[in-house]
Each structure stands twice: as structure tokens, then as C-alpha cells.
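Residues per chain, in single letters:
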Amino acid sequence: ARPGVDHILIPINKTNTGRVLSLATLVSTPICIGAIALFIRWKQSYTVKRYLELDWPQWRSLLLWCLLTLALIYGMDYIRSLLDISSTSTFTTDMYTTARFIPLLYLAVGVAAPLFEEVFFRGFMFQGLWHSKVGVWGAVLLPSLLWAVIHLQYDLYDVTSIFIFGVGMGIAQVRTRSLYVPIAMHALNNILALSQVAIAQTLL
């Protein structure tokens, strides 16, 4: 068998969850993005770059939205502390402790996952809804709702925060007209989440 392919066939359990999810994400991301690109070329009169708005933003705009991402993340954490809500989800910690090879996990969660999810939710799905009857607000809210629903491995507060963050990335897409901005925001959020778990693990 070719190196790496057979690892995807390992059943997911408590000892290899992070490794299997990392490999599955890295393998599936280019396949799924390629399928989306082919569908756009087949169904639309636009190029993939134009349809997904893959235009590089101004650095100042990118920096601003990344700073707003940090404010939103720590703001939601602060609200959680004020409400005295303890997190019941251990998904990220479990994924980190069973990853076996941490750089691979960072590549999967910090690069591949944000890339595919934003191409689909704030790219392909967003553009289709924006040009439909639901308009711009439907394009912002509906992908954010669906994106939150697929993260039900987290607790209710985290899922709500994910929805709010999705709305923020949708607004960023509207304002900047560049898919690279929500991709960067998403990647920043994921890398920060993994880094917080890494720090917590070193303090144990």
C-alpha cells in the first residue's frame, strides 16, 4: 500500500481519533475543493476565481479582520466566564492528545479544514444564496447556521459562539469581497484553539 493511505482505514477510537481525523481532513480537502471547482466550471459562466471571489485583500483590511477575530474569540470567552458556564466539550483536547504527530494536526486543523469549510460555506454556498431570493442576509445567516450545526460535538455555548463567528466571517466576506479574509479568520481561530490546548497540556 502507498504510505499514509492505509492509515485512513484505522477505526476511530479514543487512542487514534486525532491522527485519523488529521489524515482524513488532509486527504479529503483537495478532493472536495476540486469537486466544487469542477461543479462551478460546469454550472456557472464564471471562472472559479471570480465565482469564489479569490482576490487578495488589502493587508490593512486583512489585519483588521484578524484583530476583530481575536476580539470576538476573547469576548465570547469573557462572556462565558461572566455567565459562569464551564465548558463540557473535550473534543479539541481529545483530538490533540491522540494526534500522535502534532504538526500534522496543525496542518489539518489550521490550514486544510478552514480552507475547505470556507470554500464551501463562505464561497460556494454563500455565492449561490446571495444571488438567490434570500439575498445577502440569507447568504450570511444560512451558511453560518449550517456550519454551527455540523459542530455539535461541542457544547451549546460553543455551538452558539460558532454561529456568531460564522456570521462575522460572512460579514467580512461581504465587506471585503475576498474569500481569503474568512479563510484567514477561520485559520486563526483554529490555531489559537489548538495552541490553548497545547499550553494547558504542558501545565498538567
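Residues numbered from 1 in each chain as written. Predicted model: local features only at pLDDT ≥ 70, side-chain atom pairs only at ≥ 80, totals over all residues. Heavy atoms only, no water.

Enquirer: How would you explain the packing of helix H5 (residues 102-130) against helix H6 (residues 135-149) if you had to name every residue and give the values?
Expert: Look at H5 against H6: their axes get within 8 Å of each other, and the N-to-C directions meet at 145°. Crossing of H5 over H6 shows right-handed handedness. The residues of H6 that touch H5, namely those facing Glu117, Phe121, Arg122, Met125, Phe126, Leu129 and Trp130, are Gly135, Val136, Gly138, Ala139, Val140, Leu142, Pro143, Ser144, Leu146 and Trp147. Across the contact of H5 with H6, the residue classes break down as twelve nonpolar, three polar and two charged. (Axes fitted to C-alpha atoms, helices over the stretch in contact; angles between N-to-C directions. Helix = DSSP H or I, 4+ residues; strand = E, 2+ residues; numbered from the N terminus. Left-handed = near helix turned anticlockwise from the far one by under 90°. Contact = heavy atoms within 4.5 Å. Nonpolar A, V, L, I, M, F, W, Y, C, P; charged D, E, K, R; others polar.)

Enquirer: Break down the pattern of salt bridges for me, citing the residues and quoting the values.
Expert: Under the criterion given, the structure shown has four salt bridges. Between Glu53 and Arg177 there is a salt bridge whose closest N-O contact spans 2.5 Å. Of the two residues, Glu53 is situated in the loop between helix H2 (48-52) and helix H3 (59-82) and Arg177 in the loop between helix H7 (156-176) and helix H8 (180-202); the sequence distance between them amounts to 124 residues. The residue Arg80 makes a salt bridge to Asp158 at a minimum N-O spacing of 2.4 Å. Residue Arg80 is located in helix H3, and its partner Asp158 is located in helix H7; the two are separated by 78 residues in the primary sequence. Across this residue pair, the class does not change: Arg80 and Asp158 are buried. Several salt bridges converge on common partners, so that one network encompasses Arg80, Asp155 and Asp158. (Salt bridge = Lys/Arg side-chain N within 4 Å of Asp/Glu carboxyl O. Buried < 20%, exposed > 50% of the residue type's maximum accessible area, 1.4 Å probe, protein only.)

By themselves, these figures tell us nothing about what the structure is for.
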